[in-house]
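Residue-level listing of the chains:
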Amino acid sequence: MIAAQLLAYYFTELKDDQLKKIDKYLFSMRFSDDTLKDIMNRFRREMENGLGRDTSPTATVKMLPTFVRSIPDGSEKGDFIALDLGGSNFRILRVKVTQDKKQPVQMESQVYETPDDIIHGSGSQLFAHVADCLGDFMEKQKIKDKKLPVGFTFSFPCAQTKLDEAVLVTWTKKFKASGVEGMDVVNLLNKAIQKRGDYEADIMAVVNDTVGTMMTCGFDDQRCEVGIIIGTGTNACYMEELRHIDQVEGDEGRMCINTEWGAFGDDGSLEDLRTEFDREIDRGSINPGKQLFEKMASGMYMGELVRLILVKMAKEGLLFEGRITPELLTKGKIETKHVSAIEKSKEGLKKCMETLTRLGVEPSDEDCLAVQHVCTIVSFRSANLIASTLGGILARLKDNKGVGRLRTTVGIDGSLYKMHPQYARRLHKTVRRLVPDSDVRFLLSESGSAKGAAMVTAVAYRLTEQARQIQQTMAEFRLSKAQLLEVKKRMRQEIERGLKKTSHQEATVKMLPTFVRTTPDGTENGDFLALDLGGTNFRVLLVKIRSGKKRSVEMHNKIYAIPIEVMQGTGEELFDHIVHCISDFLDYMGMKSARLPLGFTFSFPCHQTSLDAGILVTWTKGFKATDCEGENVVELLREAIKRKEEFDLDVVAIVNDTVGTMMTCAYEEPDCEVGLIAGTGSNACYMEEAKNIELVDGDVGRMCVNMEWGAFGDNGCLDDIRTAYDQAVDENSLNEGKQRYEKMCSGMYLGEIVRQILIDLTKRGFLFRGQISETLKTRGIFETKFLSQIESDRLALLQVRAILQQLGLAGTCDDSIIVKEVCGTVSRRAAQICGAGMAAVVDKIRENRGLDHLDVTVGVDGTLYKLHPHFSRIFQQTVKELAPKCDVNFLLSEDGSGKGAALITAVGCRQRELVAQQQQH
């Protein structure tokens, strides 16, 4: 018994001793974690170089764009064919993707031999062979009459400019067919198929086997965004942000990058880590100086590395008592499969004995232990190297996403990873050490790259189909110049109908006279009060206007709330509340004693009979005070002032905010004769010739007309450009059938149109994985400010996603791209039809005056115009295109409803004095 223990002890001592010697001998193949982190950082720099515009031509890690933009989302379906050419066998599969939960993917496949004379022959022979095999396969499947989408896995470095085109950069592995390098392989294959002429195939996608692996795993796990092959060769791909890929246009979304990492180190950047054995392998290969990383790490070279080490150790008398046999000196006698067998924990030593005996070196037990240790060092180095480069990719993904902790899945395929007993475990452990703040799931790819090609094709097919349908939906919003000219023409017709006495009653664009007959001329002077009532807040202002050389406008104001019970109580209560607020303001300013002239901005539809008389047609915006509709609001105000008996005011003018906007700008820019509000609502006014305004007596001079153009289209004249989404918005609104033009182009409704489109696209499965969240069902969540943010050019997609998340819409990158496009399309149409309306107005002014060319300024106010990143630009461009004979200058208004009201009052006072003087004479 004791003897056995002693023997075991002796053997362990010997074993430790022997292993330490080998560790020392192969010291340069063993890497510390610091070295691995250093490799990881070097690889990250190489990735940067491969992606950069200026550095990519000379980069060793090529970082080729694959034009695969998204991983499967589980909604793919269809019947596809996959070709897989990348080794001595050529595989064809038919892949049926269904929505059947139990068996979503059904596959039938066949393997065809690719003889050596074809691998080394001409390109036309090679592709003729592929076309023949495909024909045979379709014959057997009885699908020759169908034109099925085909995915082509072509596992060689290719430059792609789109998904269905791939130019072979260089053959690798054992392939050497002439006349293919520099050519588009899809084109070559299509030619070969056409030459046969007995079937058609629609080649939709060419993918690299790495991408195929990522896509296969992506079908099972939607977190999968990296694919690696560790087999005969080694390579990786991952999803990169498009904004970092200089070779490809656009910066929205992501694209899969084929790193071609086998060439890492070809520029000498790994020289300090390569050993004499690596150099010897490289010298004896068919591509010296190329794929140096692959030669250190992939299965094709592992057995050979072990053989070279054993030869050197034997020569130095460290193994086999110095015996060297012709077999040991023969290249390829130790293969990677032998290395895998030798490293098995149970029968490894036995396998080692068998392999070495076959080489005739008569190994001892110690030799077997030593050789097993050499194998371990070589294969462990491979796992460590790949963990470093993979770590580089994972660290990059983590930075791209800007997260503290990365959760992702890596899809893996390849014989070395699958067959070697310890490889996977070692790789996973090292990766977790190198990238500690990450949760990485390693997923073994089933049925590998060919199924992946079908998946890429399925995704391409889904995205093409989806893009087509989305474009079809958006096309309804894309108006041609002819359509916009038609809108302009109809607006002009409605303007004429509103101005004429006979048609005014049923006209939709009311063209209300405002009795404002001139714009300011700079002589205005004095102190004026202005009231601004148009929403839940009410403002009182004191405006001091000074004329002369140092023209100035000084303003003081106070804001008062209007309680909901006052908004919806009696008219008397409402006007008493207003007068109470004025009283408070005059106390605050210390001006109770003066009888000030007052301008009243009253932003509700009014029928004016003079500058200081306006009959409320109907309340809007939530006001419901009784006994006001059909009454003159100026009289209601005067009566309330009398009731108060504290002060007296001279109510000179009742003002619409659009007119106020025009007047404010006209004070700065005398040729301003048009006002526009493009905000929550939409409206315009302009100076019309008095003779055209049939509702008012007198033919001399001009008068400003408040168009109330929001109601344009209420008679159905815009129905041909209104979409189902516009109808849905109208049906859900408080005033169905009214203000239809406003509902297509004002801020209050744009978000609603977007929401309706998003609901429809989601129902059709194009967005948010087909799930309509509670948020999306909520009216009014898409405020116009969100549209402005989403459409801002400075926002990357990640930020768009963040905005959607705030709204409770968890979307992918693809979703964000679609949402951004929807927002842009809706706001573009708004700006264009608003521009068409304005073009009608300026052309009318030009024709009124019999001019060939008109220079005019438009005063503009409104949040949509001021805050949206593109609205004003598109609006101005549309006016320019549709009214080419007008030179229109746009001026932003400052406080039209306050300052504007005061200016109208000032102009009104001036006119009153003129009339009084004329009467005296």
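Before reading on, note that the structure itself is shown above.
Please read all numbers here as calculations on a predicted model, not as lab measurements.

1. Considerations on the overall build of the chain
Right, on to step 1. Helix and strand counts for the chain come out as 31 helices and 26 strands.
Right, on to step 2. Over its C-alpha atoms the chain spans a radius of gyration of 40 Å, topping by over 25% the 29 Å that the globule rule assigns to 921 residues.
Right, on to step 3. Dimensions of the chain, computed from the C-alpha atoms along their principal axes, are close to 135 × 70 × 50 Å.
Right, on to step 4. Burial statistics for the chain: of 921 residues in total, 57% are counted as buried.

2. Some words on the nonpolar core
The nonpolar side chains of soluble globular proteins are, as a tendency, buried together.
Right, on to step 1. Membership of the largest hydrophobic core comes to 112 residues, with the highest contact counts inside it found for Met707, Trp709, Phe782, Met838 and Phe875.
Right, on to step 2. Per-element accounting of this core gives the leading share, 16 residues, to helix α28 (residues 813-848).
Right, on to step 3. What tryptophan 709 contacts, discounting residues up to four positions off in sequence, is Met491, Val509, Leu676, Ser682, Asn683, Ala684, Tyr741, Cys834, Gly837, Met838 and Val841.
Right, on to step 4. Core analysis: the next-biggest nonpolar cluster, separate from the first, contains 110 residues, Met29, Met214, Met255 and Leu394 among them.

3. What about the packing of aromatic side chains?
Right, on to step 1. Taken as a whole, this structure holds 22 aromatic pairs when the rule is applied.
Right, on to step 2. In this structure, lysine 558 packs its charged tip against the face of tyrosine 588, placed 4.6 Å from the ring centre.

4. Section: helix α12 (residues 365-401)
Right, on to step 1. An ideal rise of 1.5 Å per residue puts 54 Å on 37 residues; α12 measures up with 53 Å between its terminal C-alpha atoms.
Right, on to step 2. In terms of burial, α12 is a largely internal element, 31 of the 37 residues being buried.
Right, on to step 3. Taken from the residues just after α12, glycine 402 is the one with a positive phi, measuring 65°.

5. A word on the sheet that holds strand β24 (residues 702-706)
Right, on to step 1. The strand order across the open sheet formed by six strands is β14-β24-β23-β22-β25-β26, and the pairing between neighbours is mixed. Of all the strands in the sheet, the pair left with one neighbour each is β14 (512-513) and β26 (886-892).
Right, on to step 2. Bridging between strand β22 (residues 672-678) and strand β23 (residues 682-689) involves five bridges; their strand directions are antiparallel. Looking across to β23, one finds that glycine 675 is bridged to cysteine 685.

6. Overview of helix α26 (residues 784-791)
Right, on to step 1. In terms of residue burial, α26 counts as a mostly covered element, since six of its eight residues are buried.
Right, on to step 2. Turning to α26, its buried residues number three or more, namely Thr784, Phe786, Leu787, Ser788, Ile790 and Glu791.

7. Observations regarding the sheet that holds strand β13 (residues 438-444)
Right, on to step 1. Judged by pairing direction, the sheet is mixed, and its six strands sit side by side in the order β1-β11-β10-β9-β12-β13 without closing on themselves. Among the strands making up the open sheet, the edge pair consists of β1 (64-65) and β13.
Right, on to step 2. In the packing of α12 onto the sheet, contacts are made with β9 (224-230), β10 (234-241), β11 (254-258), β12 (406-413) and β13, and the angle to β10 comes to roughly 5°.
Right, on to step 3. Together, β9, β12 and β13 form the strand contacts of helix α14 (residues 423-434), whose direction differs from that of β13 by roughly 160°.

8. Comments concerning the pairing of strand β19 (residues 606-610)
Right, on to step 1. With four bridges connecting them, β19 and strand β20 (residues 613-616) associate as antiparallel partners. Each bridged residue has a counterpart across the sheet, and for serine 610 the counterpart in β20 is alanine 613.
Right, on to step 2. Here β19 hands over to β20 after two residues, the two strands then running antiparallel side by side.

9. Overview of a negative patch on the surface
Right, on to step 1. A surface patch of negative charge is lined by Glu572, Glu573, Asp627, Glu631 and Glu639.
Right, on to step 2. Relative to the helices and strands, glutamate 639 resides in helix α20 (residues 633-644).
Right, on to step 3. Looking at glutamate 639, the relative accessible area reads 38%, which means it is partly exposed.

The rules behind each value
Each chain carries its own residue numbering, running from 1 in the written order of its sequence. Given that the model is predicted, a residue must reach a pLDDT of at least 70 before its local features are reported, and side-chain atom pairs must reach 80 or more before they are shown or counted; all residues, however, enter totals for whole chains, interfaces and linings. Working from all heavy atoms in the structure, the side-chain values ignore hydrogens and water. Numbering of helices and strands starts at the N terminus; helices are DSSP runs of H or I of at least 4 residues and strands are runs of E of at least 2. For the radius of gyration, the atoms used are the C-alpha atoms, and the globule rule reads 2.2 Å times the number of residues raised to 0.38. Partly exposed describes any residue whose relative accessible area lies between the buried limit of under 20% and the exposed limit of over 50%, with all areas from a 1.4 Å probe on protein chains only and scaled to the type maximum. Among buried residues, those of type Ala, Val, Leu, Ile, Met, Phe, Trp, Tyr and Cys that are joined through side-chain atoms within 4.5 Å constitute a nonpolar core. The contact definition used throughout considers only heavy atoms, calling two residues in contact when any of these lie within 4.5 Å. Aromatic rings from Phe, Tyr and Trp, with only the six-membered ring used for Trp, were paired whenever their centres fell within 6.5 Å, and each pair was classed as stacked if the ring planes differed by under 30 degrees, edge-to-face if by over 60, and tilted otherwise. Only when the NZ atom of a Lys or the CZ atom of an Arg is both within 6 Å of the ring centre and within 35 degrees of the ring normal do we say a charge sits over the ring. Residue count minus one, scaled by 1.5 Å, sets the expected span of a helix. Strand pairing is assigned whenever DSSP identifies at least 2 bridges connecting the two strands. Axis geometry follows a simple rule: fit a line to the C-alpha atoms, using only the stretch in contact for helices, then measure angles between N-to-C directions, giving values from 0 to 180 degrees. Any residue with relative accessible area above 30% and no salt bridge may belong to a patch, with like charges joined within 9 Å and the nonpolar Val, Leu, Ile, Met, Phe, Trp and Tyr side chains within 5 Å. Under the convention used here, a 1.4 Å probe and the Shrake-Rupley method define accessible areas, while residue burial counts only the protein chains that appear. Put simply, a salt bridge is a Lys or Arg side-chain nitrogen that is within 4 Å of an Asp or Glu carboxyl oxygen. In this tally, Lys and Arg are treated as positive and Asp and Glu as negative; His is ignored, and so are the chain termini. Note that the charge is assigned to NZ on lysines, CZ on arginines, CG on aspartates and CD on glutamates.

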